[in-house]
Amino acid sequence: MTDQSKTVTRVDLCEAVYQKVGLSRTESSAFVELVLKEITDCLEKGETVKLSSFGSFMVRKKGQRIGRNPKTGTEVPISPRRVMVFKPSAILKQRINTQHRGNGDASKAQPEA
């Protein structure tokens, strides 16, 4: 199985808004930037961002710990930090898995009612 994945960029998102919503390209770009800025601002404040049928972005605190340099084996302290995590919704997981099964593995597909 070949990996035909594509990275979706800001430009791709702006183009999708332009094509599907009908805003001008400038307005589409401003809209995408505004949404991304709002998400970023909320995460910076430590808030959880929940997008219905998509998932949640949240910030977790990681404490200090001891890491190891894999080349030398030397122990190195890793300072405390905050990391962003994404938890996909059950709906998104289902859609991704349904799409995957549709590409050749019909034995696991759900029967239609």
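For the structure, check the block above.
As the structure is a prediction and not an experimental result, all values here were calculated from the model.

Calculation notes
Residues numbered from 1 in each chain as written. Predicted model: local features only at pLDDT ≥ 70, side-chain atom pairs only at ≥ 80, totals over all residues. Heavy atoms only, no water. Core = buried A, V, L, I, M, F, W, Y, C linked by side-chain atoms within 4.5 Å. Buried < 20%, exposed > 50% of the residue type's maximum accessible area, 1.4 Å probe, protein only. Helix = DSSP H or I, 4+ residues; strand = E, 2+ residues; numbered from the N terminus. Contact = heavy atoms within 4.5 Å. Pairing = 2+ DSSP bridges. Axes fitted to C-alpha atoms, helices over the stretch in contact; angles between N-to-C directions. Parallel < 35°, antiparallel > 145°, perpendicular 65-115°, else oblique. Left-handed = near helix turned anticlockwise from the far one by under 90°. Nonpolar A, V, L, I, M, F, W, Y, C, P; charged D, E, K, R; others polar.

J.: In this structure, what is going on with the nonpolar core? I would like to understand it.
T.: The nonpolar side chains of soluble globular proteins are, as a tendency, buried together. In this structure, Ile39, Cys42, Leu43, Val49 and Phe57 together form the largest nonpolar core, which totals 5 residues. Counting residues per element, this core draws most heavily on helix 2 (residues 25-44), which supplies 3 residues. Ignoring anything within four residues of it in the chain, the contact list for Phe57 reads Leu43, Glu47, Thr48, Val49, Leu51, Met84, Val85 and Phe86.

J.: Just checking my understanding: could you explain the environment of Thr48 for this structure?
T.: For Thr48, the position within the fold is in the loop between helix 2 and strand 1 (49-51). A relative accessible area of 44% means that Thr48 is categorised as partly exposed. Sequence separation of Thr48 and Met84 is 36 residues, and the distance between their C-alpha atoms is 9.8 Å.

J.: Looking at this structure, I do not really get the sheet that holds strand 1. What am I missing?
T.: Backbone-to-backbone hydrogen bonds pair the strands of a sheet. The strands run either parallel or antiparallel. Taking strand neighbours across the sheet as the criterion, the 3 strands line up as 1-2-5 in an open arrangement whose pairing is antiparallel. Lying at the two open borders of the sheet, with one neighbouring strand each, are strand 1 and strand 5 (81-88). Each neighbouring strand pair of the sheet contributes to a mean axis angle of 25°, computed without reference to strand direction.

J.: Whenever I open this one, the environment of Leu51 confuses me. Can you help?
T.: Relative to the assigned elements, Leu51 resides in strand 1. Judged by relative accessible area, Leu51 falls into the partly exposed class, the value being 34%. Along the primary structure Leu51 and Pro88 are separated by 37 residues, whereas in three dimensions their C-alpha atoms are 9.4 Å apart.

J.: Is there a simple way to think about the packing of helix 1 (residues 10-21) against helix 2 in this case?
T.: Describing two packed helices takes the angle between their axes plus the distance from one axis to the other. It is at 8 Å that the axes of helix 1 and helix 2 come closest, and there the two elements cross at 125°. It follows that helix 1 is oblique to helix 2 by the angle criterion. Remark: the crossing between helix 1 and helix 2 carries right-handed chirality. Together, Arg10, Leu13, Cys14, Glu15, Val17, Tyr18 and Gln19 of helix 1 and Arg25, Ser28, Ser29, Phe31, Val32, Glu33 and Leu36 of helix 2 make up the contact between the two elements. When grouped by side-chain class, the residues that make up the contact of helix 1 with helix 2 number 7 nonpolar, 3 polar and 4 charged.

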